[in-house]
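Residue-level structural notes
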Amino acid sequence: VLVSVTGLPAALATLPLELTVLYNSLVFAMGASDCAINGEAEEIRQGLLRVLEACGAAGQDLSTEKLWQKVLQEVTVEELQAPLHHLAALQAAWWLATNCLGSVADLFRLLSSAEHPGRAPCSEGKTQLLSLLRAWKVPAEEASLSLVQSAQDLKEVLCTAAAFLQGLQELEAGNLPAALSLLQEAAGGFCSKRLLAQIYTCLSCCAQRMGKPQTALQHLKRALQVDFQCLPALSHAAALYRELGEVDAELQALALLSEALERNPPAAASPPPSCLIQTEQLVHPPALAALLRHRHLSEVKYLLAQRCLEDGRVADAVEHYLDFLSLLQDGLQQQVPLDAGSALPRLPEVLLEAASALQQAGRPQDAITVCEEVVGRTANLIPQTLRVEERPEQPECPSPEPQLAAGPLLQKRESLCCLVWRTAAYLHQGWAWAKLGKTKEAVTQFSRSLCLSVLGRLLPEVKLLQKIRLLSLIGRGAQFLELGKLKEALLDFQYGLQISPGDPAAASYLVQALWKLDRKQEAAARWQKLLESPAEEALQQEGLGRPCPLYLVSCLKQATFPQHESLARDLQDYLQST
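These numbers were taken from a predicted model, which means no experiment stands behind them. Counting of residues starts from 1 at the beginning of each chain's written sequence and follows it residue by residue. Owing to the predicted nature of the model, reporting of local features is limited to residues with pLDDT of at least 70; listing and counting of side-chain atom pairs is limited to 80 or more, with chain, interface and lining totals taken over all residues. Think of the side-chain values as coming from all heavy atoms in the structure, minus any hydrogens and water.

Along its length, the protein carries 26 helices and two strands. Relative to its full complement of 578 residues, the protein shows a buried share of 48%. Of the contacts formed within the protein by residues at least 6 apart in sequence, a portion of 70% connects residues at least 24 apart. Surface accessibility of the protein: about 28600 Å² in total, with carbon and sulfur atoms responsible for 52%. Secondary structure elements are taken from DSSP: a helix is a run of H or I of four residues or more, a strand is a run of E of two residues or more, and numbering for both begins at the N terminus. Exposure classes here rest on a 1.4 Å probe applied to the protein chains alone. A residue is buried below 20% of its type maximum, exposed above 50%, and partly exposed in between. Two residues form a contact once any of their heavy atoms are found within 4.5 Å. Only the protein chains shown count as cover for residues, and the accessible areas themselves come from Shrake-Rupley with a 1.4 Å probe.

Moving on: the packing of aromatic side chains. Only centres within 6.5 Å qualify two rings of Phe, Tyr or Trp (six-membered ring in Trp) as a pair; their planes then separate them into stacked at under 30 degrees, edge-to-face at over 60, and tilted for everything else. Per the counting criterion, the structure on display carries seven aromatic pairs. Cluster of aromatic residues (ring-pair linked, three or more members): Tyr302, Tyr321 and Phe324. Definition used: whenever NZ (Lys) or CZ (Arg) falls within 6 Å of the ring centre and also within 35 degrees of the ring normal, the charge is taken to sit over that ring. Sitting over the face of the ring of Trp515, Lys520 holds its NZ or CZ atom 5.1 Å from the ring centroid.

Take the buried Ala, Val, Leu, Ile, Met, Phe, Trp, Tyr and Cys residues and link them wherever side-chain atoms come within 4.5 Å; each set so joined is a nonpolar core. With 91 residues, the main nonpolar core has Tyr321, Trp421, Leu427, Tyr551, Leu552 and Leu571 as its most contacted residues. If one sorts the elements of this core by residue count, helix α19 (residues 400–435) sits on top with 13 residues. Formed jointly, this core draws a minimum of three residues from each of two domains, domain 2 (149–264 + 274–295) and domain 3 (352–383 + 412–539 + 549–577). The contacts of Tyr551, once residues within four sequence positions are left out, are Glu349, Leu352, Glu353, Ser356, Val420, Trp421, Ala424, His428 and Leu464. Within the second largest apolar cluster, 89 residues are counted, among which are Val51, Val71, Leu96 and Trp136. Note that domain bounds follow an automatic or database assignment of domains.

Let us look at unusual backbone geometry. Here the phi dihedral of Asn99 falls at roughly 65 degrees; this positive angle occurs in a residue that is not glycine. In this structure, Asp518 is a non-glycine residue whose phi angle is positive, near 65 degrees.

Right, let's talk about the packing of helix α17 (residues 347–360) against helix α18 (residues 364–378) for a bit. Every angle, taken between N-to-C directions, lies between 0 and 180 degrees, and every axis is a line fitted to C-alpha atoms, over only the stretch in contact when it is a helix. At a closest axis distance of 8 Å, the pairing of α17 and α18 adopts a crossing angle of 165 degrees. Relative to α18, the element α17 is oriented roughly antiparallel. In this structure, the crossing between α17 and α18 has a hand that is left-handed. Residues Leu347, Pro348, Leu351, Leu352, Ala355, Leu358 and Gln359 of α17 form the contact with α18, whose own contacting residues are Pro364, Asp366, Ala367, Val370, Cys371, Glu373, Val374 and Arg377. Residues are grouped as follows: Ala, Val, Leu, Ile, Met, Phe, Trp, Tyr, Cys and Pro are nonpolar; Asp, Glu, Lys and Arg are charged; all remaining types, including Gly, are polar. Partitioned by chemical class, the residues of the contact of α17 with α18 number eleven nonpolar, one polar and three charged. These descriptions rest on fixed angle ranges, namely under 35 degrees for roughly parallel, over 145 for roughly antiparallel, 65 to 115 for roughly perpendicular, and the rest for oblique. Here a crossing is called left-handed whenever its near helix is offset anticlockwise from the far helix by less than a right angle, and right-handed whenever the offset is clockwise.

We now examine the UniProt feature "repeat: TPR" (unreviewed entry) in the protein. UniProt positions are given in the numbering used here, feature names are shortened, and annotations may be inferred rather than shown by experiment. Under the present numbering, the feature "repeat: TPR" (unreviewed entry) in UniProt falls on residues 470–503. The annotated region residues 470–503 carries 82% helix and 0% strand content, and the separation between its end C-alpha atoms amounts to 9 Å.

Another aspect to go through is the pattern of salt bridges. Counted as salt bridges are all cases of a side-chain nitrogen of Lys or Arg within 4 Å of a carboxyl oxygen of Asp or Glu. Going through the model one piece at a time under the given rule, you end up with 20 salt bridges. Here Arg363 ties to Asp366 by a salt bridge, and the two come within 2.9 Å at their closest N and O atoms. According to the relative accessible area criterion, Arg363 is partly exposed, its value standing at 34%. A single network of salt bridges, built from pairs that share partners, joins Arg242, Glu250, Arg307 and Glu310.

Among the secondary structure elements, Ser103 is positioned in helix α6 (residues 101–115). Apart from residues no more than four positions distant in its own chain, Ser103 is found in contact with Glu65 and Trp95.

So, about helix α5 (residues 78–97). When the terminal C-alpha atoms of α5 are compared, their 30 Å separation across 20 residues agrees well with the 28 Å that a helix rising 1.5 Å per residue should span. Among the 20 residues that make up α5, 18 are buried, leaving the element largely enclosed by the rest of the structure. To estimate how far a helix should extend, the number of its residues minus one is multiplied by 1.5 Å.

Attention shifts here to the packing of helix α11 (residues 213–226) against helix α12 (residues 231–244). The interhelical angle for the contact between α11 and α12, taken along N-to-C directions, is 155 degrees, at an axis separation of 10 Å. What the angle tells us is that α11 and α12 run roughly antiparallel. Between α11 and α12 the crossing geometry is left-handed. On the side of α11, the interface is formed by Pro213, Gln214, Ala216, Leu217, Leu220, Lys221, Ala223 and Leu224, while α12 contributes Ala233, Leu234, His236, Ala237, Leu240, Tyr241, Glu243 and Leu244. By residue class, the composition of the contact of α11 with α12 is twelve nonpolar, two polar and two charged.

Here the focus is the confidence of the model for the protein. Confidence of the prediction at every residue is given by pLDDT, a number between 0 and 100. Confidence in the prediction of the protein, expressed as mean pLDDT, is 84, and 83% of residues score 70 or more. Between residues 391–407, whose pLDDT stays under 50, and residues either more than four places distant or in other chains, the model counts two contacts. Across residues 536–545, where pLDDT falls below 50, the model places 22 contacts with residues more than four positions away in sequence or in other chains.

As for its placement among the helices and strands, Leu491 is situated in helix α22 (residues 486–499). Given the relative accessible area of 42%, Leu491 is considered partly exposed. Leu491 sits 19 residues away from Leu510 along the chain, and the two C-alpha atoms are 8.8 Å apart.

Before going further, it helps to spend a moment on the side chain of Thr423. You can see Thr423 is positioned in helix α19. By the criterion applied in these results, polar contacts are pairs of N or O atoms within 3.5 Å in which, for protein atoms, one can donate a hydrogen and the other can accept it, and in which residues neighboring in sequence qualify only through two side-chain atoms. At a separation of 2.9 Å, a polar atom in the side chain of Thr423 contacts the main-chain carbonyl oxygen of Leu419. Those residues in contact with Thr423, other than ones at most four positions away along the chain, are Ser449, Leu452, Leu465 and Ile468.

So, on to the environment of Leu490. Relative to the helices and strands, Leu490 resides in helix α22. When its relative accessible area of 6% is taken as the criterion, Leu490 is described as buried. Sequence-wise, Leu490 and Tyr509 are 19 residues apart; in three dimensions their C-alpha atoms are separated by 8.3 Å. Setting aside its immediate chain neighbours within four residues, Leu490 contacts Leu510, Ala513, Leu514, Leu517 and Arg519.

On to helix α13 (residues 247–263), then. Owing to its 3.6 residues per turn, the α-helix aligns residues three or four sequence positions apart on the same side. Under the 1.5 Å per step criterion, the end-to-end length of α13 is 24 Å for 17 residues, consistent within 8% with the ideal 24 Å. For α13, every residue scored as buried is listed here: Val247, Ala249, Glu250, Leu251, Ala253, Leu254, Leu257, Ser258 and Ala260. Contacts from the buried residues of α13 go to α12 and α15 (297–310). One or two residues past the end of α13 sits Asn264, with phi positive at roughly 45 degrees.

This paragraph deals with the state of the cysteines. Two cysteine sulfurs form what is called a disulfide whenever their separation falls within 2.5 Å. Throughout the structure, instances matching the rule amount to zero disulfides. The structure places no disulfide on Cys417, whose sulfur is separated from the nearest cysteine sulfur, that of Cys418, by 6.9 Å.

Printed below as a string of structure tokens:
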């Protein structure tokens, strides 16, 4: 019908019917799609050109904004006002769906001026668009021209969508009080349970950024009460509990999220809509996608494993790491985009964390197997010796030279990362063999960790390598002590102190080696110096330049010098006697 009508010359007498048919057909089209499409905007434009044609004017060369301005300012036929207002509401819906809020404000400013030529325009401000939408007087519908969706319903949809979109804009800009006000208004608007849960999740993010974590949690609880399938709310709740230090609650939230993702339920069927265009169809900004990012099952499994390991829940950590590796083996990991929001580190780091958990759980043989995977993955990616030419940090001033060198430097840093992972794998294997009582095998693995070297100092990866080297020297020296190779042990502890002067573990082992070599005076002097130095755990991470990776924490504990009361007593007796 619409095609046959628009094929005729435009006539004022039939335009109200023609515009109503156009409105109804576009409502059906927009209601059936998930988002706005360009064809709908073009049909609105053609409808406006038909209006100008009937009035003896033209506007083919005008933009859509200018075309609306021309129509609303020049067309004064009373019978066309209501159909034009209805069409303007559809245009506003399309612009909101494409995040063109300024165009919507300009359009409703024109509508307001057309209705009340003498009235002053709405004041500028963050709520100007909402004020214009609320001030819009919905024209009465004629009984002979029925609308499939009333203009009043569409106005409510527009107001809710505008409040939500503006709230997201203010949240992204950091204007938190304005964002809070707009999002609260959207929550009281015309929206489904699914959208309401999303609004509550955004309110939670706003409250969190305002430093109100408990308020943020209340919003997340409301989101889940409204729509229990709002999984981003669970993800945000876990992050909030972590910020508050509530480990049990955080792990519970992550476990619920994991269960929900494992069930992978189909999306709940939406209830029959009361109108064809709904608020959800008009809200698609990138900021919302970032806030409501859905985590993959493997990410959640990793977070569970990591947090359990950090909190000392080793058995649970092992279970979750193995679940993660099972997902990886099934190929599901390939579906996870490693974007900025992903919780997943590089795979070798995850494997090393799993090896650390297995070792702490009393499964050293399994830890050795996992570390073999790391060694295999990095075998052909690093040279035997890697030289990194570094310059001291300079003030930021762009120059061609650093840009030319950036490519090779990035490649060397990647090789450095592989070198770190491989040496850490050998380090873990050394401690695992030591736990199994295989001293010679342990010495071999510690030695392999020491064979890989790098020249350079400034990069954090190099500092981390130095830490691993220190731990390997302590580990190998301790095994030499077990084998009775006291001179070799002494050399390892001395080299360790060259890497990290004052390291308490290396210094304590050195005292023990000197005492066993019957160099009692040197041992006593070292022991006195050790007692006088501050026993700070921070020394364990000295020179790293960043927090110690989780996969090295267990190695730090294993390298700690065990309490030897008999040695301390012998040293004390020796000092008293001399």
